[in-house]
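Observations on the model geometry
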Amino acid sequence: MSDWWRERHAGGRPAYLLDLSGTDGASALQEAHRRIGGSVLVDAQGLTAEEVHKEVLAALGVDLSPGSRSRWRSSVRQLTERRLVLVANAHRAGQTRRSYEPERLISRTIPGLNNGNVTVLAHTTPHDLPGRSEVILRLSESEPSEALESPSSASAGLGGAARRSPADMG
């Protein structure tokens, strides 16, 4: 992921880490957060899309006080430094299993935050992946989360991740 982040240009669409198990991607994003200075990590599990939105904006230093809150988009566009926002467990947003929050977070909130010098990388499952998405890493169900914690395997597995298109996912 570190290589992808260094090569990534500002703007464009959000990127996704696809996780067939639904759980190992959070560990991968935690490791990326430790390695990528200035990154923001938010765990969406159990949160509404609005709560995730507020956490991200606060971490980016956006003024959310009354009267300034409505200008969050221009505040994000004015950030001069490139920032990576990592959203773990996007597919687990909301309080219930049948909540609309994962879809709302993935289809509306994440693309809205991916603006100016801010790039969002979200962890989700294939079921919740929007069409025509940029998938930078796909974790299979058989990959143990312990391998992601090991610095040597994290460097090899995450640093050299190739970009994949949804067509490659077939």
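Below or above, wherever it landed, is the structure these notes cover. None of the values given here were measured: they were computed from a predicted structure. (Residues numbered from 1 in each chain as written. Predicted model: local features only at pLDDT ≥ 70, side-chain atom pairs only at ≥ 80, totals over all residues. Heavy atoms only, no water.)

**Topic: the overall build of the protein**
Rule in force here: Each helix corresponds to a stretch of at least 4 residues labelled H or I by DSSP, and each strand to a stretch of at least 2 residues labelled E; elements are numbered beginning at the N terminus. Burial classification: accessible surface area is computed with a 1.4 Å probe over protein chains only, and a residue below 20% of its type maximum counts as buried, one above 50% as exposed, and the rest as partly exposed. Here a residue-residue contact requires only that any non-hydrogen atoms of the pair lie within 4.5 Å.
The helix and strand inventory of the protein stands at eight helices and five strands. Counted from the first residue to the last, the protein has its helices and strands arranged as α-β-α-β-α-α-β-α-β-β-α-α-α. Counting across all 170 residues of the protein, residues that qualify as buried make up 47%. Within the protein, contacts between residues separated by at least 24 positions form 79% of all contacts whose residues are at least 6 apart in sequence.

**Here we look at the packing of helix α3 (residues 49-59) against helix α5 (residues 101-113)**
We count it as follows: Structural elements are reduced to axes, namely lines fitted to C-alpha atoms, with helices fitted over the stretch in contact, and the angle between N-to-C directions of any two is expressed from 0 to 180 degrees. For classification purposes, angles smaller than 35 degrees are called roughly parallel, those larger than 145 roughly antiparallel, those between 65 and 115 roughly perpendicular, and all remaining angles oblique. Crossing handedness is read from the near helix: turned anticlockwise from the far helix by less than a right angle, it gives a left-handed crossing, and turned clockwise, a right-handed one.
As a packed pair, α3 and α5 sit with axes 9 Å apart at the nearest point and diverge in direction by 30 degrees. The angle between the axes of α3 and α5 places the two elements in the roughly parallel class. Along this stretch, α3 crosses α5, giving a crossing that reads as right-handed. Contacts between α3 and α5 involve Ala-49, Glu-50, Val-52, His-53, Val-56 and Leu-57 from the first element and Glu-101, Arg-104, Leu-105, Thr-109 and Leu-113 from the second.

**Re the sheet that holds strand β2 (residues 40-43)**
We apply this condition: At least two bridges found by DSSP between two strands are what make those strands a pair.
Ordered in space as β2-β3-β4-β1-β5, the five strands form an open sheet in which the pairing is parallel. Since the sheet does not close on itself, it has two edges, and those belong to β2 and β5 (134-139), each with one partner. Within this sheet the neighbouring strands show an average axis-to-axis angle of 20 degrees, counted without direction. Where strand β3 (residues 83-88) and strand β4 (residues 118-124) come together, five bridges link them in parallel fashion. Paired with Val-85 across the strands is Val-120, a residue of β4. On top of the sheet, helix α2 (residues 24-35) reaches β1 (15-19), β2, β3, β4 and β5; it is set at about 155 degrees to β3, its chief contact. Contacting β2 and β3, α3 runs over the sheet at an angle of about 160 degrees to β2.

**Topic: the nonpolar core**
Our working definition: The set of buried Ala, Val, Leu, Ile, Met, Phe, Trp, Tyr and Cys residues whose side-chain atoms join them within 4.5 Å is what this entry labels a nonpolar core.
In this structure, Val-52, Leu-60, Val-85, Val-87, Leu-105 and Ile-110 are the most contacted members of the largest nonpolar core, which totals 28 residues. At the level of elements, β1, β2, α3, α4 (72-77), β3, α5 and β4 are the ones that each hand at least two residues to this core. Among residues more than four places away in sequence, those in contact with Ile-110 are Pro-14, Tyr-16, Val-87, Ala-90, Leu-105, Val-120 and Ala-122. The next biggest cluster of nonpolar side chains, apart from the first, holds 17 residues, and it includes Ala-15, Ala-28, Leu-121 and Ile-136.

**Structural notes on the environment of Ala-88**
On the secondary structure map, Ala-88 appears in strand β3. Placed 35 residues apart in sequence, Ala-88 and His-123 show a C-alpha to C-alpha distance of 5.0 Å. Leave out the neighbours within four places in its chain, and Ala-88 touches Ala-26, Leu-29, Leu-41, Val-42, Asp-43, Ala-44, Gln-45 and His-123.

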